[in-house]
Each structure stands twice: as structure tokens, then as C-alpha cells.
Amino acid sequence: MTHRPRGHSAHQFDVTEIPFSVRGSWLDISPVVALHTRRDDLHLVSHQNGMHAVLGLLPEREGARVSTRIEASPSVLSWVDGAARAEATFDGTETVRLRGTGVGMRFTDAAAGLTPFTGTYLFTEPGTSSVVFTSYETGRRYRITPLAGTLLVEGDGALGVAARSVLAGGDGSAWEVAVEEFTAAVGPYRASAPFDELVERNARDFEEYLAAVAPWRSERTPGAALAAYVLWSATVRPLGYLGRESILMSKHWMDKVWSWDHAFNALALAPGLPDSALDQFLAPFDHQDAAGAPPDSITHSEILYNYVKPPIHGWALLKLRERLERDFDPAELREVYDRLSSWSLFWLDYRRVSGRDLPYYQHGNDSGWDNSTTFDLDRVIESPDLAAFLVVQLDVLDGLATELGLAEPRWAAESARIREALLSQLWDGENFVAVGATSGRTSTATSLLNLLPVVAGERLPMDVRQKLAAGIERHLTEFGPATEIPGSAHYEADGYWRGPIWAPSTVLIEAGLRASGFADLADIVSARFRALCEKSGFAENFDAVTGAGLRDRAYSWTASSYLLLAGEAEARRAGDAAV
């Protein structure tokens, strides 16, 4: 399988890096079929009950495999061999339509075996020309209905290890099929529109989305369309535990909503899609536990509470309200206040050692920086970033209480208490450090994590802010702020939070620098990260020295961060031009 080069146009993309899907669907087409696992051929992949490849999609002619060039745009995916072509588009969110001329398509069982509890069963639907694959892994059925041409079925009713496939266009004639995902039963397939109209509809839907989230785009922001597509295609309709339309981190293997990732996606949507932005912001709070903690992550059929994520939500709410084209109505404002109140009380009441001022993380995962060097000496730590996030969040709650006419003096008092402890207990005169909650041992201070208190802005003394800014400069590479300084003893090029550049840390640092009075340095951080995304796409993280994309290559919070920073840069440029 060969692929069209990256950068063919703003609306073309490499399907080996970004899945082909549409807003609202739990399906995608991609060679990525499992954690860090790629196949040579594209597959239909479902994200219900986890990520599972369901059907292999193999172009075929006269019984032989055909090597094709793959072209992908937001509305149509094509396998091309000279004048021969097969194409796929979506008919709604649960059906993929495929057609071909000059090349057939073999739909193969991706599980390749059937036991009483695993694999896929294939049968012909009685009284129809449709064929059904039934998957144990997804718990769903996949019906292939011919709309033009006939189907050749292999392994009909077979049990155990057997070849199971359906061939469309095997006789060389033009063909078209619909592939539906459903539960136990569904009526006969009825096409909502001809294939070409579906392509036009999906293209129009994406263009409307792009216009909403990036109306400021220009030749200066060449990554805007692709970033918008990453978000659009990673969006799923409400289903299972996700009761709101939600943006997954990816429709590759990182197919969950984590309880800080979602905030960056909300910020990107805020100006043009305010209702969707509010849904993104609130989604994890739909599952707060009795102590007030949102889950670590949520997906279709799983909610995990074994870790939490950092309380960036007060900071994010301030930024969200600045960006929204409408403000919250009173009911929405009260809901947000109640959610943030419970979340803050979790840290104040359940995550402080008795008699101490500062809350603690139980593991690096709680911070979102899973393996940061700040956690090398102790895992359970009173961390400076956590304290700074809470100072901001408690100040936000204090302002919301006043806005709602509520008397709640605890927020201001706790904010002042934690701020004082942050400066007196975790600032050594040169650096912020973490302290073991039990051992009292001081952490190292080589991680960018230790510089995140810059988000507190003017709540910190100027001399502290100046030293934080200087520390951030030491972490800057050609592409942005490395999470560990390259060349240090702890640096790892692909070390997750021990070197690579990440979108959320970059956004928090950039915003903190502006809030702290270092706009010129913030401009540099923003420009370098935007250039990185334009060079290397929207990966989960990036090599801080080479700029190469690492890990999952279609990460929505990276795309959101690009849209956020690019939109703000364009707004500053417009403001400067107007002066």
C-alpha cells in the first residue's frame, strides 16, 4: 500500500497518521488497529467496548491483491490504481458506504478466528442478499448490503479457525455496498442519498465546522484545516458512559476522554461552537464521585477512578469565558460552580495531610505528567504545580460565588493559605520544588513541571516570576519548551514527560508567561509550537530536538492547542494592525 505525500493540500491528509472518520461516529478507517499496532492494509475499526479492528479492507482484481495509492480527505477515502478506483464515505455516523470501478474490495475478518467467547462469526442474512459479521470484541454486528453488483461470501456459517470474507466487485463490474454497525437488529438498509451526495454532505459539514472553529485562518496558519479535521473526526456522538457529544483524544488507541485533556478541546471550540465547548468542559464532571473527583478517564464502556488529573479547570474556565461568544446562563453558571466546588473540596478535604497546608498527588499520573522527574524520589508529593492550579481555581470560585450572590468565604481564605505555603514551603529562592508528603524529602527541579506555577501570574511576586521565565527559557528548543532540558542526565528523546514537547504544558506555560508580564517570551513559545505542528502534524508529543512526532499521531488536544494559539496570535496581529 502506498500513500499520498503529506501536505498535498490543506484538506488532504495521510491516513496512516490520522484516521478517516466523521463527526459523531464511533467508527474509523485506518491501518492502526490496536495499541502501537499497524497493519499493511486499512481496516474498519470500532471504538465501542474498546478499540477493535473489525474488517480488513483489501483491494483485489481477478483474485489477486492490488497495490493502490491511498488518498484521503475529510469527505472521501480512495484506493487508486491508475483509472481504477475504490472509494469510501460515511452515510451518517453508523454506516460506511463503499464503491468501486475496475477494482474490487475484499472485506476480511480482522479477528481471524472464532471461539465461544472471542472472534467473529459470519453468516448470510436469510431472505436477503446481505451478509453479517458478528463481533465478540465490540459486541456489535456489521452488515454488508450490496447496492450494486453481487457479493461472494467465503466462510458462511464457519466455526473455529476459518477464512471469513466478503468480496464485492470480484467479477470486475462496478459495485457499491453499505457497511452498518448495529446491536441486535436493524431494518433493511435504506440509503439516505446517492454516494456523491454523501461526499458533498460530509464535505459541507466539515467546511462549516472549519469556519466555526478557525474563521481567522489564512496562509499564515497552514495547519488550521488539518487541526480542525483532527477534532471533527475524533468527535463521537453520546453513547455508553459519554452522555454528551465528546472529542476523544484520538480515534487511534488513545480513544478516551481524560479529565484534563478535555479542557483544551473546549477552549478550541469556544468562539465558534459555544454549546459544544461547554459539553467538552463538563463531560468528566458528569461522573464525579462522592468525594468530588472526576474520573481519570471515560470512554464508551469504561470509567476509571484509579487516578485523577490536575485541577486546571478554574484556569480553563477563566479562559473559556474569555473566548465564548456568549456567556453562561444562570443555570449553567450554577452547574459549573457546583462542579468546581466539589472538585476543589476533594483536594482540600481528601488530599492534605492533617495539619498541613498543601495538597498532594499520589502518583505522577495524578498530575498528567506520568513519569516526570519531579516524581523520581517520591511518588506521593506536595507539588508546586498543584498548589498553583488550586490558588487560581479557588480565586475563580470566589469570583463565581460573588457573581451568583453566594456567601462562601472559604475560597478566598484557602487560596491565600495555599499561596502562602507555595511560596514559603516549596520555593527555595531559585526554584520551586516538590516535597514528599510523608518523607519531607525535596524533589529535583529539572522538570518543566516545576515551572508551571507561572500560571498563577501576578499572584506571585515579580522576582519569582522572573526566575520562572528564565527557567522556561532554559527549556526552550527550536520547537518549544522541552519537558526536560536536552542534554541533562535525565533527558530521554522519546521519554514521554522526560524530554518531549507536549501541547498542554506549552499552552499552560504560554498563558502563564502572558499573565506574568512576559509577552515577548510567550510569543516565542507560541510561534515555535505552531511551527512545530505545521511541520510535524498533531502527534501526542514531539522530539524536542528533531521536532519529529511521537506516539499517537492524531491527538486532539495537540490540534486544539494549535487552534487556540494560532487564533490568539491572529487576534493579536489584528489588534496591532488596528492601533
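Use the structure listed above.
In what follows, the accompanying structure is described. Note that the structure is a prediction, hence the values are computed from the model and not measured. (Residues numbered from 1 in each chain as written. Predicted model: local features only at pLDDT ≥ 70, side-chain atom pairs only at ≥ 80, totals over all residues. Heavy atoms only, no water.)

## Section: the packing of helix 3 (residues 261-269) against helix 13 (residues 556-578)
Move 1: At a minimum axis distance of 8 Å, the contact between helix 3 and helix 13 shows a crossing angle of 40 degrees. The chirality of how helix 3 crosses helix 13 is left-handed. Judged by residue contacts, Asp 261, Phe 264, Asn 265, Leu 267 and Ala 268 of helix 3 engage Ser 556, Trp 557, Ser 560, Ser 561, Leu 563 and Leu 564 from helix 13.
Move 2: When its residues are assigned to classes, the contact of helix 3 with helix 13 shows 6 nonpolar, 4 polar and 1 charged. (Axes fitted to C-alpha atoms, helices over the stretch in contact; angles between N-to-C directions. Helix = DSSP H or I, 4+ residues; strand = E, 2+ residues; numbered from the N terminus. Left-handed = near helix turned anticlockwise from the far one by under 90°. Contact = heavy atoms within 4.5 Å. Nonpolar A, V, L, I, M, F, W, Y, C, P; charged D, E, K, R; others polar.)

## What about the environment of Glu 207?
Move 1: With respect to the helices, strands and loops of the structure, Glu 207 is situated in helix 1 (residues 195-213).
Move 2: For Glu 207, a relative accessible area of 35% translates into the label partly exposed.
Move 3: Taking C-alpha positions, Glu 207 is 9.5 Å from Ala 228, a pair spaced 21 residues apart along the chain.
Move 4: Of the polar contacts made by the side chain of Glu 207, one reaches the side chain of His 11; its length is 2.8 Å. (Buried < 20%, exposed > 50% of the residue type's maximum accessible area, 1.4 Å probe, protein only. Polar contact = N/O pair within 3.5 Å; in protein donor to acceptor, adjacent residues only side chain to side chain.)

## Digging into the packing of aromatic side chains
Move 1: Within the structure shown, the criterion is met by 26 aromatic pairs.
Move 2: With centroids separated by 5.7 Å and ring planes inclined at 45 degrees, the aromatic side chains of Phe 20 and Phe 90 adopt a geometry described as tilted. Within this pair, whereas Phe 20 is found in the loop between strand 1 (2-3) and strand 2 (27-34), its partner Phe 90 is found in strand 8 (residues 84-90), the two being separated by 70 residues in sequence.
Move 3: Taken together, a centroid distance of 3.9 Å and an interplanar angle of 10 degrees make the contact between Trp 497 and Trp 502 stacked. Exposure class is identical for Trp 497 and Trp 502. Each is buried.
Move 4: Aromatic ring contacts, followed pair by pair, group Trp 260, Phe 264, Trp 315, Trp 369, Tyr 496, Trp 497, Trp 502, Tyr 555 and Trp 557 into a single cluster.
Move 5: If you follow Arg 143 out to its NZ or CZ, it ends over the ring of Phe 182, 5.6 Å from the centre. (Phe/Tyr/Trp six-rings, centres within 6.5 Å; stacked < 30°, edge-to-face > 60°. Lys NZ or Arg CZ within 6 Å of the ring centre and 35° of its normal.)

## A closer look at the environment of Ala 270
Move 1: Inspection of the secondary structure puts Ala 270 in the loop between helix 3 and helix 4 (274-282).
Move 2: For Ala 270, a relative accessible area of 0% gives the class buried.
Move 3: Counting along the chain gives 187 residues from Ala 270 to Ala 83, while the straight-line C-alpha distance between them is 44 Å.
Move 4: Discounting residues that sit within four places of it in the chain, Ala 270 has contacts with Ala 277, Leu 320, Arg 323, Leu 324 and Glu 325.

## Points about the side chain of Ser 372
Move 1: Here Ser 372 shows up in the loop between helix 7 (364-367) and strand 22 (381-382).
Move 2: If we ignore the near neighbours within four places in the chain, the residues touching Ser 372 are Ser 447, Leu 449, Trp 497 and Arg 498.

## Things to note about the nonpolar core
Move 1: Within the largest apolar cluster, 165 residues are counted, with the highest numbers of intra-cluster contacts made by Leu 77, Trp 79, Phe 107 and Leu 320.
Move 2: Top contributing element to this core by residue count: helix 8 (residues 384-404), with 12 residues.
Move 3: Once you skip the residues sitting within four places of it in the chain, Leu 77 turns out to touch Val 15, Phe 20, Ile 29, Leu 42, Ile 70, Glu 71, Ala 72, Ala 86, Glu 87 and Ala 88.
Move 4: Within the second largest apolar cluster, 6 residues are counted, among which are Trp 26, Val 236, Leu 242 and Leu 248. (Core = buried A, V, L, I, M, F, W, Y, C linked by side-chain atoms within 4.5 Å.)

## Some points on the packing of helix 5 (residues 313-323) against helix 8
Move 1: Closest axis-to-axis distance for the helix 5/helix 8 pair is 7 Å, and the angle between their directions is 55 degrees. Considered as vectors, helix 5 and helix 8 are oriented oblique to each other. Each of His 313, Gly 314, Trp 315, Leu 317, Leu 318 and Arg 321 in helix 5 lies in contact with helix 8, whose residues at this interface are Val 392, Gln 393, Val 396, Leu 400 and Glu 403.
Move 2: Considering only residue class, the contact of helix 5 with helix 8 consists of 6 nonpolar, 3 polar and 2 charged. (Parallel < 35°, antiparallel > 145°, perpendicular 65-115°, else oblique.)

## Brief notes about the pairing of strand 16 (residues 175-182)
Move 1: With respect to burial, strand 16 is a largely interior element, 8 of its 8 residues being buried.
Move 2: Burial of strand 16 is two-sided: the residues Trp 175, Val 177, Val 179 and Glu 181 facing one way and the residues Glu 176, Ala 178, Glu 180 and Phe 182 facing the other way are all buried.
Move 3: Here 6 bridges tie strand 9 (residues 95-101) to strand 16, and the two strands are oriented antiparallel to one another. Bridge assignment links Val 96 to a residue of strand 16, and that residue is Val 179.
Move 4: As paired strands, strand 13 (residues 140-148) and strand 16 are joined by 7 bridges and run antiparallel to one another. Within strand 16, the residue paired with Ile 144 across the bridge is Val 179. (Pairing = 2+ DSSP bridges.)

## Notes on the pairing of strand 9
Move 1: Among the 7 residues of strand 9, 5 are classified as buried, and the element is accordingly described as predominantly covered.
Move 2: Both strand 8 and strand 9 contribute to a ladder of 6 bridges, which runs antiparallel. The partner of Arg 85 across the bridge, within strand 9, is Thr 101.
Move 3: Between strand 8 and strand 9, which pair antiparallel in sequence order, lie 4 residues; one of them, Gly 92, sits at a positive phi of approximately 80 degrees.

## A look at the sheet that holds strand 20 (residues 297-299)
Move 1: Read from one edge of the open sheet, 3 strands run 19-20-21, paired in antiparallel fashion. Across the chains shown, the open sheet's two edge strands, defined by having one partner strand only, are strand 19 (257-258) and strand 21 (302-304).
Move 2: Taken together, the 2 bridges between strand 19 and strand 20 define a ladder with antiparallel strand orientation. The residue of strand 20 that forms the bridge with Val 257 is Ile 298.

## Details of helix 12 (residues 519-536)
Move 1: Look at helix 12: 26 Å from first C-alpha to last across 18 residues, which is about the 26 Å you get at 1.5 Å a residue.
Move 2: Buried residues of helix 12: Leu 521, Ala 522, Val 525, Ser 526, Phe 529, Arg 530, Leu 532, Cys 533 and Ser 536, and no others. Along the axis of helix 12, the buried positions cluster into a sector of 165 degrees, meaning they face one direction only. (Expected span 1.5 Å × (residues − 1). Arc of directions from axis to C-beta.)

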